[in-house]
Amino acid sequence: MYQLNLDIAHFLEHYWQKRPLLIKGGFTDFQDPISPDELAGLAMEEVIESRLVTRFNNKWEASHGPFESYDHLGEENWTVLVQACNHWVPEVHELAVPFQFIPGWRFDDVMVSFSTPHGGVGPHIDNYDVFITQGQGKRHWRVGDAKPLGEFAAHAALLHCEPFEAIIDAIMEPGDILYIPPGFPHEGYAIEPSLNFSVGFRAPDAKALISSFADHLIDNDLRTERYGDPDLQPRARHGEIQPHELHRLRELMQQALDDETLFKEWFGTMISEAKHDLDVSPMEPDYSAEEVADLLSQGEPAIKVPGLRSVWFSGESRTCYIDGEAWTLPSEDPAAISLLCDKDIITQADMVELADQAGFLQLLTRLINRGYWFFGD
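Residues numbered from 1 in each chain as written. Predicted model: local features only at pLDDT ≥ 70, side-chain atom pairs only at ≥ 80, totals over all residues. Heavy atoms only, no water.

### Looking at the overall build of the chain
Now for step 1: Within the chain one finds nine helices and 19 strands.
Now for step 2: C-alpha atoms of the chain, sized along the principal axes, occupy 75 × 70 × 45 Å.
Now for step 3: Considering only contacts in the chain between residues 6 or more positions apart, those separated by 24 or more positions represent 77%.
Now for step 4: Each charge class in the chain can be summarised by its mean position, and for the 27 positive and 63 negative side chains these summaries are 10 Å apart. (Helix = DSSP H or I, 4+ residues; strand = E, 2+ residues; numbered from the N terminus. Contact = heavy atoms within 4.5 Å. Lys, Arg positive; Asp, Glu negative; His and termini not counted. Charge placed at Lys NZ, Arg CZ, Asp CG, Glu CD.)

Right, here's the structure in full:
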């Protein structure tokens, strides 16, 4: 288990979404949860999203995996990156646990990169929060202030920004952590063969949210109020849109957003859906609730699949949202909802406070049979 050396309250007040921070020795005696060879192997898998970024003769190139070989690349100037590595390697998932002081619905994934000397992805600006932990090797990082900078395509799949003055200019060593809020330009280049672990937190914008909400209405064939104007008066100017009409249109859209049940159903479904494939293996044959209860009583913990997104709404303790789907308990039970959404491991001892153990076991059994929870390694 990784222990984060950080004053969390001070960090949230002074740095979170405000300014970058270099945390020297953020993890003491840091051990890489994955090796470069293992990472390279993941980038050869069809279902895992990966990229290869190179810069030879000052020319940037980027390509998407899966990759068949790295033998042609040489010893310098390239980086391989694997998205959602936490979905496939439980030890990588453990690296995200110390950052669970940030709401889980904001968590995106753990991206892992391996760079040869001088390898990197170039100067760029991200629209999400990220904690970058240095694994093996050393890497030179520069971070600039959040000021308007031009951006351009250094390659069709690689967006860079203009040069910037650094407010952080440092060499990171194993266990160091660099926090970068959205909008701050940065670049990092390996000094020696290096691993980096990026724990990212999503930040959806209004455009994406509105688009997703509209898709939810359409996909579920949900009825909404239609515009009407029974008080219409004769119009002298046929092409004019009057202020009260624009106001009514905006109200019409707002009414759909103000439907709390509909809004929560959409957001819970959308935010819990995995962006990347999960390592899910449905049970064959299915467990019975009695078998699940027996395993728990024998000391076997139920373990959540790494990367599984599960959320619930404060004040509501019957329905939770797991991997884009609503799951409902037989009755209101805050302890049960918390076990399913806030914990990664469930033991027999955790179930003592449950109001309806039988109902919870039935739901947990369905989740286990779906492959979302499992017993054993």
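### A few points about the sheet that holds strand S7 (residues 139–144)
Now for step 1: Ordered in space as S10-S7-S12, the three strands form an open sheet in which the pairing is antiparallel. Strands at the two margins of the open sheet, each flanked by one partner only, are strand S10 (166–172) and strand S12 (186–190). Sheet twist, expressed as the mean angle between neighbouring strand axes with direction ignored, is 10 degrees.
Now for step 2: Pairing of S7 with S12 involves five bridges; the strand directions are antiparallel. When the sheet's bridge partners are listed, Val143 is paired in S12 with His186. (Pairing = 2+ DSSP bridges. Axes fitted to C-alpha atoms, helices over the stretch in contact; angles between N-to-C directions.)

### Quick word on the sheet that holds strand S13 (residues 194–201)
Now for step 1: If you walk across this open sheet you meet the eight strands as S1-S11-S6-S13-S5-S4-S2-S3, and the pairing is antiparallel. Every other strand in the sheet has two partners, leaving strand S1 (21–23) and strand S3 (59–64) as the edge strands with one partner each. Strand-to-strand, the axes of this sheet are offset by a mean angle of 20 degrees, without reference to chain direction.
Now for step 2: Where strand S5 (residues 107–115) lies against S13, eight bridges are found, and the strand directions are antiparallel.

### Points about the UniProt feature "domain: JmjC" (unreviewed entry) in the chain
Now for step 1: Under the UniProt annotation, the feature "domain: JmjC" (unreviewed entry) is placed at residues 91–218.
Now for step 2: With 12% helix and 42% strand, residues 91–218 has end C-alpha atoms that lie 40 Å from one another. (UniProt positions renumbered as here; feature names shortened; annotations may be inferred.)

### Considering the nonpolar core
Now for step 1: Of all hydrophobic cores here, the largest spans 40 residues; its most connected members are Ile34, Leu39, Val80, Cys85, Val112 and Phe131.
Now for step 2: Those elements that place two or more of their residues in this core are S1, helix H2 (36–42), strand S4 (78–82), S5, strand S11 (177–180) and S13.
Now for step 3: Every residue in contact with Ile34, bar those within four places of it in the chain, is listed here: Leu39, Leu42, Cys85, Val89, Val92, Val112, Leu195 and Phe197. (Core = buried A, V, L, I, M, F, W, Y, C linked by side-chain atoms within 4.5 Å. Buried < 20%, exposed > 50% of the residue type's maximum accessible area, 1.4 Å probe, protein only.)

### Brief notes about the packing of helix H8 (residues 334–342) against helix H9 (residues 357–370)
Now for step 1: With their axes 11 Å apart at the nearest point, H8 and H9 run at an angle of 15 degrees to one another. Between H8 and H9, the angle is such that the two are roughly parallel. When the axes of H8 and H9 are compared, the crossing they make is right-handed. Mapping the contact onto sequence places Ala336, Leu339 and Leu340 in H8 and Phe360, Leu363, Leu364 and Leu367 in H9.
Now for step 2: By residue class, the composition of the contact of H8 with H9 is seven nonpolar, no polar and no charged. (Parallel < 35°, antiparallel > 145°, perpendicular 65-115°, else oblique. Left-handed = near helix turned anticlockwise from the far one by under 90°. Nonpolar A, V, L, I, M, F, W, Y, C, P; charged D, E, K, R; others polar.)

### Details of the side chain of Lys264
Now for step 1: Structurally, Lys264 can be placed in helix H6 (residues 260–272).
Now for step 2: Residue class for Lys264 comes out buried when judged on its relative accessible area of 15%.

### Structural notes on the environment of Gly137
Now for step 1: Of note, Gly137 is situated in the loop between strand S6 (129–134) and S7.
Now for step 2: Through-space distance from the C-alpha of Gly137 to that of Lys207 is 40 Å; in sequence the pair is 70 residues apart.
Now for step 3: With residues near it in sequence (within four places) discarded, Gly137 still touches Met172, Glu173, Pro174, Glu192, Pro193 and Ser194.

### Re the pattern of salt bridges
Now for step 1: Enumeration according to the criterion identifies 14 salt bridges in this entry.
Now for step 2: Across the salt bridge formed by Glu240 and Arg237, the nearest N and O atoms sit 3.4 Å from each other.
Now for step 3: Look at Arg237 and you get exposed, because its relative accessible area is 56%.
Now for step 4: By sharing partners, the salt bridges in this structure join Asp108, Arg202 and Lys275 into a single network. (Salt bridge = Lys/Arg side-chain N within 4 Å of Asp/Glu carboxyl O.)

### Regarding the side chain of Asp129
Now for step 1: Considering the arrangement of structural elements, one finds Asp129 in strand S6.
Now for step 2: Within the local environment of Asp129, its side chain forms a polar contact with the side chain of Arg106, the two groups lying 3.2 Å apart.
Now for step 3: At a separation of 2.6 Å, a polar atom in the side chain of Asp129 contacts the side chain of Tyr179.
Now for step 4: Once residues within four sequence positions are removed from consideration, Asp129 is found in contact with Trp16, Gln17, Arg106, Tyr179, Ile180, Pro181, Pro182, Val199, Gly200 and Phe201. (Polar contact = N/O pair within 3.5 Å; in protein donor to acceptor, adjacent residues only side chain to side chain.)

### Observations concerning unusual backbone geometry
Now for step 1: In this model, Gly65 is joined to Pro66 through a cis peptide bond whose omega is 10 degrees.
Now for step 2: Looking at where Pro66 falls in the secondary structure, it is placed in the loop between S3 and S4.
Now for step 3: In this structure, the amide linkage connecting Glu284 to the following residue, Pro285, adopts the cis form with an omega of -5 degrees.
Now for step 4: Counting through the fold element by element, Pro285 comes out in the loop between H6 and helix H7 (289–297).
Now for step 5: Even without being glycine, Ala84 reaches a positive phi, approximately 50 degrees.
Now for step 6: By the secondary structure assignment, Ala84 is in the loop between S4 and helix H3 (90–93).
Now for step 7: Of note in the backbone geometry, His118 takes a positive phi value of approximately 75 degrees without being a glycine.
Now for step 8: Here His118 is to be found in the loop between S5 and S6.

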